[in-house]
Amino acid sequence: MNVRVYPDADLLKRAAAEHMTALSEASINAQGYFSIALSGGSTPKAVYELLTDKSFSRYVDWEHTHIFWGDERCVPPDHTESNYRMARLALLDQVPLPVSNIHRMKGEIDPAQAAAEYEQMLRQFFARRRDGVVRFDLVLLGMGDDGHTASLFPGTPAIEENERLVVENYVEKLEAWRLTLTAPVINAAEHVTFLVSGKSKAEMLQQVLEGPEQPYDLPAQLIQPASGHLLWLIDEPAAARLSKPNQG
Ligand code: 6PG
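Residues numbered from 1 in each chain as written. Predicted model: local features only at pLDDT ≥ 70, side-chain atom pairs only at ≥ 80, totals over all residues. Heavy atoms only, no water.

### Some words on the overall build of the protein
Under the convention used in this document: Each helix is a run of H or I in the DSSP string that is no shorter than four residues. Each strand is a run of E no shorter than two, and both are numbered from the N terminus. In this description the radius of gyration comes from C-alpha coordinates, and the expected globular size is given by 2.2 Å times residues to the power 0.38. To sort residues, take the accessible area from a 1.4 Å probe on protein chains only and compare it with the maximum for the residue type: under 20% means buried, over 50% means exposed, and anything in between is partly exposed. Using a 1.4 Å probe, accessible areas were evaluated by the Shrake-Rupley method; residue-level cover was limited to the displayed protein chains. Counting rule applied: Lys, Arg positive; Asp, Glu negative; His and chain ends not counted. Here the site of a charge means NZ on Lys, CZ on Arg, CG on Asp, or CD on Glu.
Scanning the protein from terminus to terminus reveals eight helices and nine strands. Over its C-alpha trace the protein gives a radius of gyration of 17 Å, about what one expects of a compact globule, namely 18 Å for 248 residues. The principal-axis extent of the C-alpha atoms belonging to the protein is close to 45 × 40 × 35 Å. With 248 residues in all, the protein has 53% of them scored as buried. Here the protein has roughly 11,200 Å² of accessible surface; of this, 47% comes from carbon and sulfur atoms. Of the charged side chains in the protein, 23 are positive and 34 negative; the average position of the first set lies 4 Å away from that of the second.

Given below as structure tokens:
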């Protein structure tokens, strides 16, 4: 695990955009495409907006970039809470990305069906790999101040899922259904990168990174790529409680 701390949210988002651009170039050079699972949340949103800047967007081969989601709210795609809508407005509509490269979760249909369809689509997409394994080049994640990541919320059934790649997950405290990638498919990725910003995250970040293992209560601890690279990009306010803030 590698933890990088930046002085503020602005430098953090710049580092994240550079990281994504570099990984997309490396993946496309190596295998001809780049697969990225996006996250919801305010920190990733700022990064998506920055990626539309010419200083980044012109270096990205959008034609060979495939966009997926790590999680989705069970709402229609034009709903203000939709993660798809957020990414579309912040980034996807502003860059020359073929529509067929956008693979969204269907928040508007029955959650169990949407999860099954997404899993099926992922298996079909990644059948292009020699080993057929569903392996994203990059999964981008945020972390909630309750320790959730993607839509793996504390104490919910999704965090115990070991077979399925995508599940529907009812989150009692939100009184809402979510769709989410499960820990096994996230942990199969080549790169998993957390973006965490702001002092409201400091306490939880310390528990997740330095506290005892209790993934049922702190789902972000479930994320430990098997052979891929785990990177935490955080800003100083979020890192305030860490005893060893720079581990990379
Ligand atoms: C979602 C997210 C979620 C998010 C975290 C952090 O759809 O809610 O995917 O996991 O990334 O809650 O969000 P912030 O960056 O806004 O704190």
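Additional details are given in the paragraphs that follow.
### Considering the site of the ligand
Rules: Residue proximity to a molecule or strand is established when one non-hydrogen atom of the residue lies within 4 Å of it. Two N or O atoms form a polar contact when they lie within 3.5 Å of each other; inside protein one atom must be a possible hydrogen donor and the other a possible acceptor, and for residues adjacent in sequence the pair counts only when both atoms belong to side chains. Basically, the charged four are Asp, Glu, Lys and Arg, the nonpolar ten are Ala, Val, Leu, Ile, Met, Phe, Trp, Tyr, Cys and Pro, and anything else, Gly included, counts as polar.
Lining the immediate environment of the ligand, one finds 16 residues, of which Ser42, Asp71, Arg73, Asn83 and Lys201 sit closest. Between the ligand and serine 42, the relevant distance is 2.7 Å, taken from an oxygen atom to a main-chain nitrogen or oxygen of the residue. At 2.9 Å, a side-chain N or O of histidine 148 approaches an oxygen atom of the ligand. Computed on the free molecule, the ligand has an accessible area of 410 Å², of which 87% lies beneath the protein chains in the complex. Elements that contribute at least two residues to the shell around the ligand include exactly helix 2 (42–51) and strand 4 (71–73). Broken down by element, the shell around the ligand gets its largest block of residues, three residues, from helix 2. For the shell around the ligand, a count of residues per class yields three nonpolar, nine polar and four charged.

### Section: the packing of helix 1 (residues 9–31) against helix 2
Using the following cut-off: To define axes, lines are fitted to C-alpha atoms, for helices over the stretch in contact only, and angles between the resulting N-to-C directions are given on a 0 to 180 degree scale. The sense of a crossing depends on the near helix, which, turned anticlockwise from the far helix by less than a right angle, makes the crossing left-handed and, turned clockwise, makes it right-handed. Two residues qualify as a contact provided that any one of their heavy atoms is within 4.5 Å of a heavy atom in the partner residue.
Packing of helix 1 against helix 2 brings their axes to within 9 Å, and their N-to-C directions diverge by 65°. As for the relative orientation of helix 1 and helix 2, their crossing is right-handed in sense. Of helix 2, the residues touching helix 1 (which contributes Leu12, Lys13, Arg14, Ala16, Ala17, Met20 and Thr21) are Thr43, Ala46, Val47, Leu50 and Leu51. Of the residues in the contact of helix 1 with helix 2, the class split is eight nonpolar, two polar and two charged.

### Focus: the pairing of strand 3 (residues 65–69)
For strand 3, the tally of buried residues reaches five of five residues, placing the bulk of the element in the interior. The two faces of strand 3 match: Thr65, Ile67 and Trp69 on one face and His66 and Phe68 on the other face are all buried.

### Comments concerning the packing of aromatic side chains
Short version of the rule: Pairing of aromatic side chains here covers Phe, Tyr and the six-membered ring of Trp, requires ring centres within 6.5 Å, and sorts the geometry by plane angle: under 30 degrees stacked, over 60 edge-to-face, intermediate tilted. In this analysis the charged atom, NZ for Lys or CZ for Arg, is taken to sit over a ring once it is within 6 Å of the ring centre and within 35 degrees of the ring normal.
Going through the model one piece at a time under the given rule, you end up with nine aromatic pairs. Pairing phenylalanine 194 with tryptophan 232 gives two aromatic rings, centres 3.8 Å apart and planes at 0°, and the pair type is stacked. A residue pair is termed long-range when its members are at least 10 positions apart, and phenylalanine 194 in strand 8 (residues 191–196) and tryptophan 232 in strand 9 (residues 229–235) qualify at 38 residues. Residue classification places tryptophan 232 among the buried residues on the basis of a relative accessible area of 2%. Chaining the aromatic ring pairs together yields one cluster made of Tyr33, Phe68, Phe125, Phe126 and Phe136. For the cation-ring pair, arginine 128 lies above phenylalanine 125, with the distance from its terminal atom to the ring centre recorded as 3.8 Å.

### Points about the pairing of strand 9
Just so we agree on the cut-off: In this description, strands pair whenever DSSP reports at least two bridges between them. With strands facing away from the observer, any crossover in which the path from the first strand over the helix to the second runs clockwise is taken as right-handed.
Counting buried positions over the seven residues of strand 9 gives six, a clear majority of the element. With five bridges connecting them, strand 1 (residues 2–6) and strand 9 associate as parallel partners. The residue bridging valine 5 from the neighbouring strand is isoleucine 234, located in strand 9. As a crossover connection, the stretch from strand 8 through helix 7 (residues 202–210) into strand 9 is right-handed.

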